[in-house]
Amino acid sequence: MGSNFKIETKCIQSGWQPKKGESRVIPIYQSTTFKYDTSEQMGRLFDLEDEGYFYTRLQNPTNDAVAAKICDLEGGYAAMLTSSGQAANFYAIMNIAEAGDHIICVSAVYGGTYNLYAHTIRKMGVEATFVEPDISKEELNALFRENTKAVFGETIANPALVVLDIEKFAEAAHAHGVPLIIDNTFATPINCRPFEWGADIVTHSTTKYMDGHAVAVGGAIVDSGNFDWMAHKEKFPGLTAPDETYHGIVYAEKFGKGAYITKATAQLMRDLGSIPSPQNAFLLNLGLETLHLRVPRHCENAKKVAEFLKTQDKVAWVNCPMLPDDAQYALAQKYMPNGTCGVITFGLKGGRDASVTMMDNLKLAAIVTHVADSRTCVLHPASHTHRQMNDKELLEAGVQPDLIRFSVGTENADDIIADLKQALDAVK
Ligand SMILES: *Cc1c(COP(=O)(O)O)cnc(C)c1O
């Protein structure tokens, strides 16, 4: 399916392939519906006997062309877009788990994902066990149950910046006949392609580096096609037993390597409808066209900013896995030798109050609830996303009260550093 081009070329060329006389640039199919000549033709689409578009709640050609590009970037077999990263992580699990099932999730994950798996899907009957990223193989193996359906983690966690030992988790998942699902949002396929390390399914919040300009919330799910559902027939009846809502087709038999994404589209998208607008997919594609140029620049700038912060007396600590003295350096070198991401975290000796003063004095870096776009931005979880917690609760949630999440943009690093310097000067 995919191309043999290098990743830089894929960013620009993959996905939309115009035929004679067609639009060179991916067109926005701003249409809810698609026309057919006969009733029979339309009927075959509803039986999944023919491929084709009929209603944009399930599929749209613009979205699919952009999904195909992301699929090619990850080296996957099939992919789909979702309306947000949250929807992607929800679908990724619920496509193979149902009430009574269990998943294993690494604890260092995005807060929204934690809430989704710890609370929301729990109310739907799917229980998650959270594990520390540095859990031993023996302890990890002991946590699998008969009803465990997937293992989930992030390549590099937002905001903990912990690098996942993907091979360790892939081995354990496969030894127990379940897929490893990796949220590759922060690394992007430019810095890491989890399928090359044994992951089976990759998800993204495309809202972050893929869009890169903070204009469109979105998500994606990519399937490697490598997981053999039929070899674990009993565990995954949704894929290996007849779907009565489509006249008894068996996804794994009829669609082979495409079974997982076909089912997620034909069932979950049909019933839950978390599809992005084609307009947003178009914007995402523009972002993807420069992903290979922006990501290295984000990393280069982040490293410079982290190195600067390390020289500052008022700074207590800095997390940046690209620096040799970082606790995550060895894993980062293995999985992301060209760089991790543009997000770094740090704390000030003056604690929470000093963090607030410093942030209020930043002029270039903006205080926003976002990360990973071209404009440098900053967030203080203790004052913002986690503000209802006291210091003790914050520590339990793995967020130091002084932790500043600093998303280094693609501006000139000297200007970002000068901004931080003057803001630190304001801290007494
Ligand atoms: C932001 C984020 C999400 C959620 O994505 P939305 O697009 O905001 O729904 C999921 N995972 C990670 C790692 C994220 O950074």
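In case you missed it, the structure is sitting above this.
Remember, predicted model here, so these are calculated numbers, not experimental data.

S.K.: What's the story with the packing of helix α4 (residues 85–94) against helix α5 (residues 111–123) in this structure? I'm lost.
M.R.: The geometry of a pair of packed helices is captured by two quantities: the angle between their axes and the separation between those axes. With their axes 10 Å apart at the nearest point, α4 and α5 run at an angle of 45° to one another. Classed by the angle they form, the pair α4 and α5 counts as oblique. Judged by the sense of rotation from one axis to the other, the crossing of α4 with α5 is right-handed. In this structure, α4 uses Gln86, Asn89, Phe90, Ile93 and Met94 to contact α5, whose residues at the interface are Gly112, Thr113, Leu116, Tyr117 and Ile121.

S.K.: Got a minute to help me understand the side chain of Asp402 in this structure?
M.R.: With respect to the helices, strands and loops of the structure, Asp402 is situated in the loop between α16 (391–396) and β12 (404–407). It is Arg352 that comes nearest to the buried, bridge-free Asp402 among opposite-charge side chains, at 9.1 Å. Beyond its immediate sequence surroundings of up to four residues, Asp402 is in contact with Trp317, Phe346, Gly347, Leu348, Gly351, Arg352, Ser355 and His380.

S.K.: Sorry, what's going on with the nonpolar core here?
M.R.: Most often, soluble globular proteins have nonpolar side chains that are buried together. The biggest cluster of nonpolar side chains holds 124 residues, and the ones touching the most others in it are Leu309, Phe346, Met358 and Phe406. Ranked by residues supplied to this core, first place goes to helix α13 (residues 291–310) with eight residues. A domain split of this core shows at least three residues from each of domain 1 (7–287) and domain 2 (292–425). For Phe346, the residues in contact, after removing those within four places along its chain, are Leu309, Val315, Trp317, Val318, Met358, Asp402, Leu403, Ile404, Phe406 and Leu420. With five residues, the next largest nonpolar core counts Trp317, Ala382, Val399 and Leu403 among its residues.

S.K.: Would you explain the site of the ligand in this entry?
M.R.: Surrounding the ligand, one finds 16 residues, the nearest of these being Asn158, Asp183, Ser205, Thr207 and Lys208. Here an oxygen atom of the ligand sits 2.9 Å away from a polar atom, N or O, in the main chain of Gly85. Interatomic distance of 2.9 Å between a backbone N/O atom of Gln86 and an oxygen atom of the ligand. Contact with the protein chains hides 93% of the accessible area of the ligand, taken as 380 Å² for the molecule alone. Broken down by class, the residue content of the shell around the ligand amounts to three nonpolar, ten polar and three charged.

S.K.: Explanation requested: the sheet that holds strand β10 (residues 366–367) in the structure shown.
M.R.: Pairing between sheet strands relies on hydrogen bonds along the backbone, with the strands arranged either parallel or antiparallel. Reading across the sheet, the five strands line up as β8-β9-β12-β11-β10 and stay open at both edges, with mixed pairing between neighbours. The open sheet has two edge strands with one neighbour each: β8 (315–319) and β10. Relative to strand β11 (residues 377–379), β10 runs parallel, the two being bridged by two bridges. Residue Ile367 lies in a different strand from β11, and its bridge partner there is Val378. Set on the sheet, helix α15 (residues 351–360) makes contact with β9 (343–348), β10, β11 and β12; between it and β9 the angle comes to about 125°.

About the thresholds
- Residues numbered from 1 in each chain as written.
- Predicted model: local features only at pLDDT ≥ 70, side-chain atom pairs only at ≥ 80, totals over all residues.
- Heavy atoms only, no water.
- Axes fitted to C-alpha atoms, helices over the stretch in contact; angles between N-to-C directions.
- Helix = DSSP H or I, 4+ residues; strand = E, 2+ residues; numbered from the N terminus.
- Parallel < 35°, antiparallel > 145°, perpendicular 65-115°, else oblique.
- Left-handed = near helix turned anticlockwise from the far one by under 90°.
- Contact = heavy atoms within 4.5 Å.
- Buried < 20%, exposed > 50% of the residue type's maximum accessible area, 1.4 Å probe, protein only.
- Lys, Arg positive; Asp, Glu negative; His and termini not counted.
- Salt bridge = Lys/Arg side-chain N within 4 Å of Asp/Glu carboxyl O.
- Core = buried A, V, L, I, M, F, W, Y, C linked by side-chain atoms within 4.5 Å.
- Domains from an automatic or database assignment.
- Near = heavy atom within 4 Å.
- Polar contact = N/O pair within 3.5 Å; in protein donor to acceptor, adjacent residues only side chain to side chain.
- Areas by Shrake-Rupley, 256 points an atom, 1.4 Å probe, with all protein chains shown as cover.
- Nonpolar A, V, L, I, M, F, W, Y, C, P; charged D, E, K, R; others polar.
- Pairing = 2+ DSSP bridges.

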